[in-house]
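# Architecture at a glance
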Amino acid sequence: MALEGIGELRDLLFFLLLCLTLLAELLETTAASSQGPDGEGDIVCPSVCRCDEDFIYCNDRGLSAIPPLPPSATVLYLQNNHIDNAGLPRTLEHHMTVRVIYLYDNELDDFPMHLPPSLRELHLQDNNIRLLPRTALARLPLLEKLHLDDNSVSTVSIEDQAFSDNPRLRLLFLSRNHLSSIPSGLPASLEELRLDDNRISTIPTHAFRGLSSLRRLVLDGNLLANQRIADDTFSRLSNLTELSLVRNSLQTPPLNLPSAHLQRLSLQDNNLIHMPRGSLDGMRRLQRLDLSGNNLTTLPRGLFRDLESLGQLLVKGNPWHCGCNLRWLHDWLEAKGNTITVRGFICQTPERVRDMALRDLTNQMDESISTTLPPPQGSLFTLRSKRPGLSLPETGLDYTLSSSGVGKNLALNVKPLSHNSIRVTWSVAQTSSSFRLSWLRLGTSSAMGSITETLVRGDRREYLLTSLQPASSYIICMVPLVSNSGSRSSLPGGDTEPNEVPVCARTETSDPGHTDDDGEDDSSDQMTSLPLAGIIGGATAIVSLALIIAIFCWYGHRAGHFTSRDRYNHGSSRKSKHCDDYIESGTKKDNTILEIRGPGFQMTPMATRQPLQPKPVREDYIIHTIFPSNGTGLHKPTQNMTNSGYGSNRGYREGGIPDIDYSYT
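Here the residue numbers are simple positions, counted from 1 along each chain's written sequence. Reporting of local features is limited, given that this is a predicted model, to residues whose pLDDT is at least 70; pairs of side-chain atoms are given and counted only at 80 or more, and all residues count toward the totals for whole chains, interfaces and linings. Side-chain metrics rest on all non-hydrogen atoms present in the structure, leaving aside hydrogens and water.

Judged by nonpolar contacts, the single largest core of 90 residues is most densely connected at Phe-234, Leu-299 and Phe-304. Each helix corresponds to a stretch of at least 4 residues labelled H or I by DSSP, and each strand to a stretch of at least 2 residues labelled E; elements are numbered beginning at the N terminus. Contributing elements (two or more residues each) for this core: α2 (134-138) and α3 (327-336). Residues contacting Phe-304, with those up to four places away along its chain left out, are Leu-280, Leu-289, Leu-299, Leu-313, Trp-328, Leu-329 and Trp-332. Within the second largest apolar cluster, 18 residues are counted, among which are Leu-410, Trp-439, Val-456 and Ala-505. Among buried residues, the Ala, Val, Leu, Ile, Met, Phe, Trp, Tyr and Cys ones that are joined through side-chain atoms within 4.5 Å form a nonpolar core. Accessible area is worked out with a 1.4 Å probe on protein chains only. A residue is then buried under 20% of its type maximum, exposed over 50%, and partly exposed in between. Residue contacts are defined here by distance: any two heavy atoms, one from each residue, within 4.5 Å place the two residues in contact.

Moving on, we come to the state of the cysteines. Here a disulfide denotes a covalent bond joining the sulfur atom of one cysteine to the sulfur atom of another. When two cysteine sulfur atoms are found within 2.5 Å, that pair is recorded as a disulfide. In this structure the tally under the stated criterion is four disulfides. Bridging Cys-322 to Cys-347, the disulfide has an S-S length of 1.9 Å. On the sign convention where negative is left-handed, the bridge of Cys-322 and Cys-347, at about -95 degrees about the S-S bond, is left-handed. Separated by 25 residues along the polypeptide, Cys-322 in the loop between β14 (320-321) and α3 and Cys-347 in strand β16 (residues 347-349) bring together distant segments of the chain.

We now examine the packing of aromatic side chains. Each Phe, Tyr or Trp ring (for Trp, its six-membered ring) is paired with any other whose centre lies within 6.5 Å, and the angle between the two planes then decides the class: stacked below 30 degrees, edge-to-face above 60, tilted in between. Evaluation of the coordinates by the stated rule reveals eight aromatic pairs. Seen in terms of ring centroids, Trp-320 and Phe-345 are 4.6 Å apart; in terms of plane orientation they differ by 40 degrees. Their pairing is tilted. Here Phe-345 lies in the loop between β15 (341-343) and β16 and Trp-320 lies in strand β14, a separation of 25 residues in the sequence. You can call Trp-320 buried: its relative accessible area is 0%. Judged by relative accessible area, Phe-345 falls into the buried class, the value being 4%. Taken together through their ring pairs, the aromatic side chains of Tyr-57, Tyr-77, Tyr-102 and Tyr-104 make up a single cluster. Only Lys NZ and Arg CZ are tested; either one counts as a charge over a ring when it is within 6 Å of the ring centre and within 35 degrees of the ring normal. In this structure, Arg-50 is placed above the aromatic ring of Tyr-57, and the distance from its NZ or CZ to the ring centre is 4.3 Å. The ring of Phe-173 carries the charged tip of Arg-194 above its face, separated from the ring centre by 5.6 Å.

So, in structure tokens, the structure goes:
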């Protein structure tokens, strides 16, 4: 019985050991399956980082590579390090829980390839990324926000259809890169696009095709001009709520701006010289309009008629002319009251209202109606358009060069003043409320170019056209206008009708490097050269006089030099002062009494020489010991000396210093 009990116990222990072995293998297999490919299952938080639940903070650590990460990480802060493309491990794409990665301000040269496909937001700004390959972006099908500011991305480095596999991309930032045009193939899901501070100069019609969801577009700091923006460029952005065109070269707002949902329009720091009537029509939801930093002097009547929701109007930095041309705006602001905030409506002209706010003007504006005129520059109050109702002579005909034109009620005369300006004068048989002045630059093509026109007050009889092209032919036409609605319609922006056919004249601007041979130009050149000739003559006279005085002084100095030497050598009178060859050291020299001001010595020639004879190679000099007049000497003996020893050579002799030594040069 005892042996059988021992056998059963042994079998039981063996069975238990077998079960424990199987259980250990099972646990090991389970643990291995729960670990990553490189055995990262036991990683809690990298030692160089700080972890806050699923947020991993590895920023500003000087890292050159991404350390092993815990599998539960969702947001990675890796910015401000030295991580390059080699420092991105391939295992990073196996972290399927990562949603956001901050990799800005690192040393990446290429777009990262092995990123988690679960990524929603990626920050890669402040690197040196040049190429945007479609294969790398295709690995991120869930990407919604992509920040690529401050890189080296150019238009040609973006592959065709690079974003076609990113159907969820809503935000794309490409500010401060090297783009020369709008990237093509942008996803239709895009809601915000930033392309500021690039080199974009042209926007074709199809640039924003398919971007019906775009709500915010920023094109600040580019090279945009009106001539290089297609007419229907922005009209396709039907849902746009914010458009920013700051720091470009626009002279007028782009045509056909989206008006249905636009809430913020920024046009500051351009070269705006005119706001055409109707350019803001339909913008009933516009809340903020910024026209600061331009060259606007006036605004046409009715420009703000549809701006029902406008709450902020910024117009500082413009040379506003607060005459009757802005009386309508003064009344409009008074009607809006406190519902709108206006900043910068400060008058520059006329002088009586300078530095006054437009809202504060009442009687001053009424007075300025009859006492002020609009600025005389032709580059203001102008509108470039192809006006069908304005007839100009056919540019294809061979006109004779005539500087005047005569009509039924108007005589027109034009005269070039410089290579870029023309003076226009006219006279009328009967008064008109205003005049329409138009000019056209003739080119080599027979096609009709754009006409520049402006309205001139009826009481003016001359106008100056500026900023014209040198060495160019211009056709200048004028037509009197009559008012349909009282005298106020003669102002810019009033409704007018032509009273007769245009009277035209043709002239040419001069070449800046060409000099005319006309007598009038010669006389003007002579008059211009007279002040210059006077200045040159006066300067020559002054220089000559100074030279004569200098020669006279030099001659006197030389004469005095030799005379003084002769007088000294011959023992003549020393009552007059002359320049000589004394070498002074702290002395005040007089020819009759040598007054010593400080320790020193003097050297005089022994032999008498003629003034103009050449000096020999060797000269003998006598060195006289000199002493101050106040009783102090160069050497003080150790023994006390009586007063008789001071002020004479005896004191120096007693001190062991001889009073005469010989020296040779």
